[in-house]
Amino acid sequence: MIPAGFEYHRPADVESAVSILQEHGDEARVIAGGHSLIPMMKLRMAEMGHLIDLQDIEALKGIEVSGDTVTIGAMVTQHELITDAGLVQAVPLLREAALLIADPQVRYVGTVGGNVANGDPGNDMPGLMQCLDASFELSGPDGVRSVASRDFYEAAYFTARDDEEILTRIMIPRPAAGTGYAYEKQKRKIGDYATAAAAVMIGGGTASVAMTNLADTPIWSSDASAALASGDVDGCVAAMLGAIDPVEDNRGPVEFKNHVAAVILRRAIARAQSRAS
C-alpha cells in the first residue's frame, strides 16, 4: 500500500528537530531507520502529517569508548554495533545481540535509538540495555535529561519519553574485565521477533539478567540477578519465570513460552559463566 500524504522535514540539528515536534504536535513523528514506522504508514495503521528525518543530525551519530563509559549515538546502526572494533572489545554483548536482529539489509539501516525508543516489547535492544544498566539521554523543549533504561519502559509502546523529546544518546557503564556475557534468542525463522530471548552478564560477584518479548515490556529482574550472582541458577530461573507475563499468540501458548524462556535463560547463563574469568 501507499502511505497517506505527509510533509517531509530533514533538520540538521537536534534543536531544529525538537522545534518541529513542538510546532506540529501529534501530527509529527521522528524517523530514524524507519523499520517500525514506515510499514505502519504503508498499512495506514499510522498517519503522520509531518515526518522528521534524523539522518542529517551528526550529533546523533558516533560511538565513544572512554574510561568507564560507552556512549552510543541514537543514529548508530545495528551494523555499526557489529563492526566497531572499540565497542566490540568494550561491550561484546552488543555485537552478539545485534547479529541476531533481523537480517543484514535491516541492520545496515536500522538504528539502536529507534530500536530502544519506540517501546516495542519484541525489540532486542531494550532488554539488553536493561541488562547492561544503560541510561538514555532525552532532548526536548526543557533541555536534556537522562532516564535509566530500567525505568524507561512503562507498557507496550509507552515509555518515559515525552512526545516532544528525542532520544539522542545511550550511555552504558563499561563492564569489568573478565565479565561473562551471553545473548540467547529463540525465534521461528530468520528475521523474526524472539519467542523468548535472554541477556545475561556475570562476574566479580555480580550478575544481571533480562528477558525479551515475554511481557508488555522488557523484563529485568533484580531477584533473578541476585540469585545468579550467588550461584543459584535454579533460583535465578524461578525468579525470572515469576517476573515474566507472556500471552498466547502465533508464537505459542503461555505454557510453551514459559518452557522456552527457561531453556533460553539456562543456555545464556551457561554460556556467560563459561566466558567469565
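Described in the following lines is the structure provided in the data block.

Definitions and cut-offs
- Residues numbered from 1 in each chain as written.
- Predicted model: local features only at pLDDT ≥ 70, side-chain atom pairs only at ≥ 80, totals over all residues.
- Heavy atoms only, no water.
- Salt bridge = Lys/Arg side-chain N within 4 Å of Asp/Glu carboxyl O.
- Helix = DSSP H or I, 4+ residues; strand = E, 2+ residues; numbered from the N terminus.
- Buried < 20%, exposed > 50% of the residue type's maximum accessible area, 1.4 Å probe, protein only.
- Pairing = 2+ DSSP bridges.
- Contact = heavy atoms within 4.5 Å.
- Axes fitted to C-alpha atoms, helices over the stretch in contact; angles between N-to-C directions.

Here's the deal with the pattern of salt bridges
Pairs can form between side chains of opposite charge once their charged atoms are near each other. This model, assessed by the stated rule, comprises 15 salt bridges. A salt bridge links Arg271 to Glu96; the shortest N-O distance between them is 3.1 Å. With Arg271 in helix α12 (residues 254–275) and Glu96 in helix α5 (residues 92–98), this residue pair connects regions lying 175 residues apart in the sequence. Ionic pairing is found between Lys185 and Asp124, a salt bridge with its closest N-O pair at 2.9 Å. With Lys185 in strand β11 (residues 180–187) and Asp124 in helix α8 (residues 124–131), this pair connects stretches of sequence that are 61 residues apart. Residue classification places Lys185 among the buried residues on the basis of a relative accessible area of 13%. Shared partners join several salt bridges into a network, and the residues in it are Glu96, Glu184, Arg271 and Arg275.

A few points about the sheet that holds strand β13 (residues 206–212)
Across the sheet, 4 strands lie side by side as β11-β12-β13-β14; this open sheet has antiparallel pairing. The sheet is open, and its two borders are formed by β11 and β14 (219–220), each paired with just one other strand. Where β11 and strand β12 (residues 194–203) come together, 8 bridges link them in antiparallel fashion. Bridging from a neighbouring strand, Lys185 pairs with Ala197 of β12. In the packing of α8 onto the sheet, the strands contacted are β11, β12, β13 and β14, and the crossing angle to β13 comes to about 165 degrees. Docked against the sheet, helix α10 (residues 222–229) engages β12, β13 and β14, running at close to 140 degrees with respect to β13.

Some thoughts on unusual backbone geometry
The phi torsion at Tyr157 lies on the positive side, around 65 degrees, for a residue other than glycine. Residue placement: Tyr157 occurs in the loop between β8 (153–155) and β9 (158–159). A positive phi angle is found at Asn213, which is not glycine, with a value near 65 degrees. You can see Asn213 is positioned in the loop between β13 and β14. Asn213 gets classed as buried once you look at its relative accessible area, which sits at 16%.

Geometric values such as these leave the question of function open.
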